[in-house]
Amino acid sequence: MLKKQDLIKIIAEQQGITKKEAKTVVDAFTSGVKSVLSNHESVRIPGFAKFTSEHKKARKQVFGVTGETIEVPAHYLYKAKMSSSIDK
């Protein structure tokens, strides 16, 4: 698995920019996606991925080990679905 610094190095080499400039690009991308998701919106980047924010209602659920019914509060679920073109 690549780390953030590895990705920065790859981008810098591919684009012919410094690692500092590439870090700015990576940070701006992640910050932008986080900002959109925090507003409960979706981001679709054709050929790459779709990032979504999905609201889950509060519900009751049986805790499997003890059989006790617990209350699961309402919350948001964040998902990333990769484009099928990445496998090609």
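Residues numbered from 1 in each chain as written. Predicted model: local features only at pLDDT ≥ 70, side-chain atom pairs only at ≥ 80, totals over all residues. Heavy atoms only, no water.

Trainee: Looking at this model, I keep getting lost on the environment of R59. Mind explaining?
Mentor: Topologically, R59 is positioned in strand β3 (residues 59-62). Expressed as a C-alpha distance, the spacing of R59 and V72, which sit 13 residues apart in the sequence, is 5.3 Å. Discounting chain neighbours no more than four positions away, the residues touching R59 are I70, E71, V72 and H75. A distance of 3.1 Å separates polar atoms of two side chains, one belonging to R59 and the other to Q61. (Helix = DSSP H or I, 4+ residues; strand = E, 2+ residues; numbered from the N terminus. Contact = heavy atoms within 4.5 Å. Polar contact = N/O pair within 3.5 Å; in protein donor to acceptor, adjacent residues only side chain to side chain.)

Trainee: What am I meant to see in the pattern of salt bridges here?
Mentor: One side chain can pair with another of opposite charge once the charged atoms of both are near each other. In total, this model carries four salt bridges according to the counting rule given. A salt bridge links D27 to K4; the nearest nitrogen and oxygen atoms lie 2.5 Å apart. A residue pair is termed long-range when its members are at least 10 positions apart, and D27 in helix α2 (residues 19-38) and K4 in helix α1 (residues 4-15) qualify at 23 residues. On the basis of relative accessible area, K4 is assigned to the partly exposed category, the value being 41%. Between E54 and K79 there is a salt bridge whose closest N-O contact spans 3.0 Å. (Salt bridge = Lys/Arg side-chain N within 4 Å of Asp/Glu carboxyl O. Buried < 20%, exposed > 50% of the residue type's maximum accessible area, 1.4 Å probe, protein only.)

Trainee: Help me understand α2 in this model?
Mentor: Over its 20 residues, α2 extends 28 Å from the first C-alpha to the last, a length consistent with the 28 Å expected when each residue adds 1.5 Å. Of all the positions in α2, only A22, V26, V33 and L37 are classed as buried. All buried residues of α2 project into a common sector of 40° when viewed along the axis, lining one side. Among the exposed residues of α2, those pointing more than 90 degrees away from its buried face are K20 and T24. Positive phi appears at H40, one or two residues downstream of α2, with a value of about 60°. (Expected span 1.5 Å × (residues − 1). Arc of directions from axis to C-beta.)

Trainee: Sorry, what's going on with the sheet that holds strand β1 (residues 43-45) here?
Mentor: Sheet strands pair via backbone hydrogen bonds, and the direction of the pair is either parallel or antiparallel. Strand order in this open sheet of three strands is β1-β2-β5, and the pairing throughout is antiparallel. This sheet does not close on itself; its edge strands, each paired only once, are β1 and β5 (75-82). Across the sheet, the axes of successive neighbouring strands diverge by a mean angle of 20°, strand direction being ignored. Pairing analysis gives three bridges linking β1 to strand β2 (residues 49-56), with the strands arranged antiparallel. Pairing of R44 across the sheet is with K50, part of β2. On top of the sheet, α2 reaches β1, β2 and β5; it is set at about 30° to β2, its chief contact. (Pairing = 2+ DSSP bridges. Axes fitted to C-alpha atoms, helices over the stretch in contact; angles between N-to-C directions.)

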